[in-house]
Every structure is written in structure tokens, then in C-alpha cells.
Amino acid sequence: MYKKNTKELEEILEHTHPEDIANFVDDNEGDLLDGNRDFMKYMNEKFREKGLQKQDILLKADISQGYGYKLLSEEKVTKQRDVILRICYAAEFTLKETQQALKIYHMDTLYARDPRDALLMTFFNEHPGSIIDINEMLLANKMKPLRSSGIQD
């Protein structure tokens, strides 16, 4: 998708004066988010790479097809990070791919100092089971399960 990784862009920015940001943007245009359906592009690219169908992913994520398709096409927006995590896990994303999806969606990435996030990170590293297995492990550790959509207590 991108020629330069985020670290390379950050290194360039260390030596870029604020007045030169237009040059930075021009020079790195293909490596920057353009704000135009970036999440949809990223997810579609990853699904293609992995040979996965949206219908199968949404089924594994336990997210309704109508809602899921609207999220993936950016027709609908969610504030529930758990919904994005469900989709990423069902699509067999690595932890790195999941963190990138969360960043593009403008959501907090998983944080190792947060016990719930730490547990989720282990699942993304190993992929030992399904969403049901994740929720069982979260509940066993007295943590909130992954939300599917809407409001749950």
C-alpha cells in the first residue's frame, strides 16, 4: 500500500521545518492518508491479500451483514472500538495490521498497559480461537466482553 513506513516518515519530519510541510506532503503524497475512504481502502486491500470475503468475515465477527457492509464502506461510522476489533480478528489480522486499522479509523490503538487491551493483544498475536473464545477469556478475567454493536452494559 505504502512505499515508506510510518517510522521513515517520522524520521523525515524530524528534519522538516513547519514552513516546509507543503513540500513534505508533495514529496510523500503516495504515503499519506488522503482522508477519502482510507479505512475502506485499507480493509479491502487486507481482505484481498488474505483471500477473505466480507460476508465470511462479518459472520465470524458476529456483526450483522447490513451494518458490517455499511461500516466497511464508510457509509456508517461507529464509536465502538470493539466492533473494529471484532472485524480485524475475524479477518485474521495480525496485531500490527489491527493497530493500523484502528489508527486509520482514528481510534485508540491497543495499549499494553491496559489489562483488557493486553489480553486482546495476546489473541491478535496468537489467534487461538474465535470471538466467543475471546469473550469467554475476557469474562473469566472479570473484563468486559467485546461489544458487537449498539450499547451493552
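Cut-offs and rules
Residues numbered from 1 in each chain as written. Predicted model: local features only at pLDDT ≥ 70, side-chain atom pairs only at ≥ 80, totals over all residues. Heavy atoms only, no water. Salt bridge = Lys/Arg side-chain N within 4 Å of Asp/Glu carboxyl O. Helix = DSSP H or I, 4+ residues; strand = E, 2+ residues; numbered from the N terminus. Buried < 20%, exposed > 50% of the residue type's maximum accessible area, 1.4 Å probe, protein only. Arc of directions from axis to C-beta. Contact = heavy atoms within 4.5 Å. Axes fitted to C-alpha atoms, helices over the stretch in contact; angles between N-to-C directions. Parallel < 35°, antiparallel > 145°, perpendicular 65-115°, else oblique. Left-handed = near helix turned anticlockwise from the far one by under 90°. Nonpolar A, V, L, I, M, F, W, Y, C, P; charged D, E, K, R; others polar. pLDDT = per-residue confidence, 0-100.

### Quick word on the pattern of salt bridges
Then step 1. Tallying each qualifying case throughout the model produces seven salt bridges.
Then step 2. The closest approach of N and O atoms between Lys-46 and Glu-49, which form a salt bridge, is 3.2 Å. Highlighted residues: Lys-46 and Glu-49, both in helix α3 (residues 38-50), separated by three residues, approximately one helical turn.
Then step 3. The salt bridge involving Asp-82 is made with Arg-116; its shortest N-O contact spans 2.8 Å. Of this pair, Asp-82 sits in helix α6 (residues 81-90) while Arg-116 sits in helix α8 (residues 115-126), and the two are 34 residues apart along the sequence.
Then step 4. Since its relative accessible area comes to 8%, Asp-82 is described here as buried.
Then step 5. For Arg-116, a relative accessible area of 16% translates into the label buried.
Then step 6. Look at the salt bridges and you will find they share partners, linking Lys-46, Glu-49, Lys-50 and Glu-97 into a network.

### Here we look at helix α5 (residues 65-72)
Each α-helix winds once per 3.6 residues, and so residues spaced three or four apart point in a common direction.
Then step 1. For α5, every residue scored as buried is listed here: Tyr-67, Gly-68, Leu-71 and Leu-72. What you see down the axis of α5 is that its buried residues fit within an arc of 125°, all on one side.
Then step 2. Check the buried side of α5 and you find it contacts α3, α4 (54-61) and α6.
Then step 3. Taken from the residues just after α5, Glu-74 is the one with a positive phi, measuring 65°.

### Some words on helix α7 (residues 95-104)
Then step 1. Most of α7 sits out of view: seven of its 10 residues are buried.
Then step 2. In this structure, the buried side of α7 is in contact with α3, α6 and α8.

### Quick word on the packing of α3 against α7
Then step 1. Two elements in contact, α3 and α7, have axes separated by 9 Å at closest approach and are oriented at 160°. Relative to α7, the element α3 is oriented roughly antiparallel. Crossing of α3 over α7 shows left-handed handedness. Here α3 contributes Asp-38, Phe-39, Tyr-42, Met-43, Lys-46 and Lys-50 to the contact with α7, which in turn contributes Glu-97, Gln-100, Ala-101 and Ile-104.
Then step 2. Among the residues making up the contact of α3 with α7, the classes are represented as five nonpolar, one polar and four charged.

### Quick word on the environment of Glu-92
Then step 1. By secondary structure assignment, the location of Glu-92 is in the loop between α6 and α7.
Then step 2. Along the chain, Glu-92 and Lys-76 lie 16 residues apart, while their C-alpha atoms are 23 Å from each other.
Then step 3. If we skip the residues at most four places from it in the chain, Glu-92 touches Lys-50, Lys-60, Glu-97 and His-127.

### Here's the deal with the side chain of Lys-46
Then step 1. Since its relative accessible area comes to 11%, Lys-46 is described here as buried.
Then step 2. Discounting residues that sit within four places of it in the chain, Lys-46 has contacts with Phe-93 and Glu-97.

### Focus on the confidence of the model for the protein chain
Then step 1. In this model, the protein chain carries a mean pLDDT of 90, and residues with pLDDT of at least 70 account for 93%.
Then step 2. Averaged pLDDT values for the elements of the protein chain fall to 89 in helix α1 (residues 6-14) and rise to 97 in α6.

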